[in-house]
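A structural walkthrough
What follows is each chain in one-letter form.
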Amino acid sequence: MPQEGVRQSSQARIILGIGGGIAAYKSAELARILIQRGYSVQPVMTRAATEFITPLTLSSLTHRKVITSLFASGEDSTAVLSSAIEHIDVALENDLLIVAPATADLMAQFAHGLAGDFLATMHLAFTGPVLLAPAMNTNMWNHAATQANLRVLRERGYHFVGPDAGDLACGMVGAGRLSDPLEIADAATAILNGRQDLAGETILITAGPTQEAIDPVRMITNRSSGKMGYAIAEKAVKRGARVILVSGPVALAAPQGVELIRVESAEQMKNGVLEHLDAASIFISVAAVADYRPTSPADQKVKKTASRLSIELEPTTDILAEVGRRKGDRIVIGFAAETQNLAAEGKRKLESKNCDMVVANLVGPNGTGFEGDDNEVVLITRDKEPQAIPKAAKREIARHILDAVLDLRLSARAAKR
Ligand code: PMT
């Protein structure tokens, strides 16, 4: 059952890539159907596509500026260039990339990882599902090169709808017609609905640092930005989960659909977690929780004197270990922030905190864990060999982590039968 506050698939965001072929005019009908279904649609046209259909048609239907180029040129009020990094933003902000019509040239560019224009460049930065609706002359479709590109893309998990067989604009008869826009829209809806694979789960996530007061103006804290935890929260909501995010102080906006509980100290974070633990079927402990706090924070600002100052510290509660003790049927995921021996330390924390999986990452001068937009992790579980996830955007790492969580859920269900 979809959860309240969660962005449903009909609210998903779609990039509609339009290639340069006679069938490009049908992309207008496709855009209309997608908008009617409640999706937000960002059109991206290749230069050749604009020869077949105007950006004005697409911008009128989608109420969006149409992206036509990697770089600024001209003054068309319906078409925009993009900034040097917009292809990354567009790639990160959307849930599905549809290309209709997908020309032989676009299929070749995608298969070979070329980045010659906005659509091809953004495609490389896009990590979500891709749906291609090919349309071309039947000989071009049957050409060994196109068929080889088709195989490559299929192996990479790309979705295809069509091409249909029939009369082609070039006068030939055979495979190469763009599928009916309704059929393309149905394929898009099926993909988006299929990704609601965490529907029914309530995921409790901690993120960010904690702050432990020394006096009213000073504190002990750490470098956590919250980016890793927020990325997991955002992805989990998109995949249909109810997400409760207990967050230390960070400069990030709450991802849409997430229930955010703001805390400062380790004690407040522990209380936030324990208060919502009963509702949670999955717990993911991403926060960099202070291990120690000042035993007696001063009521007034500590004055500077010539003498040395010592601050006595006492341990905080280990929230993850506490959840591990109350685990029940929950899936419990811990993180391990290490400066060395990732796999060994991760394994130790897996056992000592009663987790189903530990996500180990390097921190410190040689590590990627803290603060940055990218991370590189090792997933450590009880049954499988450690799985190294190479350096990627934290959003992409989040996807891998949630895929592994889903595997654990499916294994747990199978074991119960
Ligand atoms: O926020 P970012 O800038 O994106 O950085 C991400 C991150 C580096 C913070 C994240 O990827 C990460 O590694 N989080 C865990 C940080 C940490 O405290 O690691 P640890 O090895 O010290 O703790 C092990 C586990 O116990 C962690 O899951 C931690 O959340 C949990 N813990 C630790 C202490 C404590 N008192 N309570 C806990 O729950």
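Note that the structure is predicted; figures quoted are calculated from it, not measured.

On to the domain arrangement of the chain. Entries for the chain in the domain assignment read domain 1 (9-193) and domain 2 (202-295 + 312-416). Of the residues lining the interface, four residues belong to domain 1; the matching set on domain 2 comes to five residues. Interface area for domain 1 against domain 2, summed over the two sides, is near 430 Å², with a carbon-plus-sulfur share of 41%. Connecting domain 1 to domain 2 are one salt bridge. Inspection of the region where domain 1 meets domain 2 yields zero residue pairs in polar contact (both at pLDDT 80 or more). A per-class count over the side of domain 1 that touches domain 2 returns one nonpolar, one polar and two charged.

Let's shift gears to the pairing of strand S2 (residues 40-45). Counting buried positions along S2 gives six out of six residues, so the element sits mostly inside the fold. Residues Ser40, Gln42 and Val44 point to one face of S2 and Val41, Pro43 and Met45 to the other, with burial holding for every one of them. Pairing analysis gives six bridges linking strand S1 (residues 13-18) to S2, with the strands arranged parallel. Its bridge partner lying in S2, Leu16 is registered against Pro43. Between the parallel pair S1 and S2, the chain is carried across by helix H1 (residues 26-36), and the sense of this crossover is right-handed.

Strand order in this open sheet of eight strands is S14-S13-S10-S15-S18-S19-S20-S21, and the pairing throughout is mixed. The open sheet is flanked by strand S14 (259-262) and strand S21 (387-393), the only strands paired with a single partner. Each neighbouring strand pair of the sheet contributes to a mean axis angle of 20°, computed without reference to strand direction. As defined by bridge partners, strand S10 (residues 202-207) adjoins strand S15 (residues 282-285) across four bridges and the pair is classed as parallel. Within S15, the residue paired with Thr206 across the bridge is Ser285.

Next up on the list: the side chain of Lys235. Positionally, Lys235 belongs in helix H10 (residues 227-238). No salt bridge is formed by the buried Lys235; its nearest oppositely charged neighbour, Glu396, is found at 5.8 Å.

Procedures and definitions
Residues numbered from 1 in each chain as written. Predicted model: local features only at pLDDT ≥ 70, side-chain atom pairs only at ≥ 80, totals over all residues. Heavy atoms only, no water. Domains from an automatic or database assignment. Contact = heavy atoms within 4.5 Å. Buried area = accessible area lost by both parts, 1.4 Å probe. Salt bridge = Lys/Arg side-chain N within 4 Å of Asp/Glu carboxyl O. Polar contact = N/O pair within 3.5 Å; in protein donor to acceptor, adjacent residues only side chain to side chain. Nonpolar A, V, L, I, M, F, W, Y, C, P; charged D, E, K, R; others polar. Buried < 20%, exposed > 50% of the residue type's maximum accessible area, 1.4 Å probe, protein only. Helix = DSSP H or I, 4+ residues; strand = E, 2+ residues; numbered from the N terminus. Pairing = 2+ DSSP bridges. Right-handed = clockwise from strand over helix to strand, strands pointing away. Axes fitted to C-alpha atoms, helices over the stretch in contact; angles between N-to-C directions. Lys, Arg positive; Asp, Glu negative; His and termini not counted.

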